[in-house]
Amino acid sequence: MLARRCFSSAAASLPPTIRQLLATPPSAPTAAIQINGWVKSIRRQKKVAFAVISDGSSEPGLQAVFTDVTLAKHLTNGASVRLRGTLTDSPGAGQAKELQVAEAEVLGECDPEVRTIFSL
């Protein structure tokens with residue numbers, strides 16, 4: 001009984017998965033949300049940056065839009081991140097929703113300069 005309470009309260013505090021976010025019907029902007037995942041790809045432009053974030057819960061990732069490009073400064077492919085922002089309907093083609101990022105935190109770096117060679 002005690003274990004059920006511990007696990008149910010822990011599950012209630014977990015952030016939503018990307019699969020859950022993508023499955024929500026289109027609507028007005030939501031309240032601030034948090035997602036955790038890994039950077040699949042990142043594109044930087046002068047005034048905006050885009051990153052595709054995946055948490056393993058679904059094949060397509062969630063597009064994160066950084067209107068403050070300094071938030072995306074330390075992001076690299078494969079880095080583990082925690083993002084906070086607002087989930088909105090995407091005006092662009094290719095995805096139904098996107099995350100307008102207000103805060104970004106790198107939880108685990110993935111240095112592109114370091115290469116590991118595995119021998120079989």
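Here the structure is shown first, and the text comes after it.
Keep in mind that this is a model prediction, so the values were computed, not measured.

Our next topic: the sheet that holds strand β1 (residues 32-44). Here we have five strands rolled up into a closed barrel, ordered β1-β2-β3-β5-β4, and mixed in their pairing. Each strand of the sheet is rotated relative to its neighbour by a mean of 55°, with strand direction disregarded. Alignment of β1 against strand β4 (residues 80-89), held across seven bridges, turns out to be antiparallel. Bridge pairing in β4 places I33 opposite G85.

Further remarks concern the pattern of salt bridges. Per the counting criterion, the structure on display carries three salt bridges. For R82, the salt bridge identified is with E105, shortest N-O distance 3.3 Å. Of the two residues, R82 sits in strand β4 while E105 sits in strand β5 (residues 97-108), which places them 23 residues apart along the sequence. Residue class for R82 comes out partly exposed when judged on its relative accessible area of 22%.

This part covers the pairing of β5. Bridge count for strand β3 (residues 62-66) against β5 is three bridges, and the pairing is parallel. Considered in β5, the bridge of Q63 is made with E98. The pairing of β4 with β5 spans 10 bridges and is antiparallel. The residue bridging V81 from the neighbouring strand is V106, located in β5.

So, about the side chain of E98. Looking at the element boundaries, E98 is found in strand β5. Here E98 occupies a buried position and makes no salt bridge, while the nearest side chain of opposite charge, R43, is found at 8.2 Å. Polar contacts involving the side chain of E98 include one to the side chain of Q100, which spans 2.7 Å. Apart from the residues within four sequence positions on either side, E98 is in contact with L62, Q63, V65, T86, L87, T88, S90 and P91.

Once that is clear, we can look at the environment of Q20. Secondary-structure assignment places Q20 in helix α2 (residues 18-23). Sequence spacing of Q20 and S58 is 38 residues, and the spatial spacing of their C-alpha atoms is 9.1 Å. At 2.8 Å, the side chain of Q20 and the backbone nitrogen of T17 are in polar contact.

With that settled, the discussion passes to the environment of S57. Relative to the helices and strands, S57 is located in the loop between β2 (49-54) and β3. For the pair S57 and I18, spaced 39 residues apart in sequence, the C-alpha separation works out to 6.4 Å. With residues up to four places along the chain from it excluded, the contact list for S57 reads T17, I18 and R19. Polar contacts involving the side chain of S57 include one to the main-chain amide nitrogen of R19, which spans 3.1 Å.

Criteria and cut-off values
Residues numbered from 1 in each chain as written. Predicted model: local features only at pLDDT ≥ 70, side-chain atom pairs only at ≥ 80, totals over all residues. Heavy atoms only, no water. Pairing = 2+ DSSP bridges. Helix = DSSP H or I, 4+ residues; strand = E, 2+ residues; numbered from the N terminus. Axes fitted to C-alpha atoms, helices over the stretch in contact; angles between N-to-C directions. Salt bridge = Lys/Arg side-chain N within 4 Å of Asp/Glu carboxyl O. Buried < 20%, exposed > 50% of the residue type's maximum accessible area, 1.4 Å probe, protein only. Lys, Arg positive; Asp, Glu negative; His and termini not counted. Polar contact = N/O pair within 3.5 Å; in protein donor to acceptor, adjacent residues only side chain to side chain. Contact = heavy atoms within 4.5 Å.

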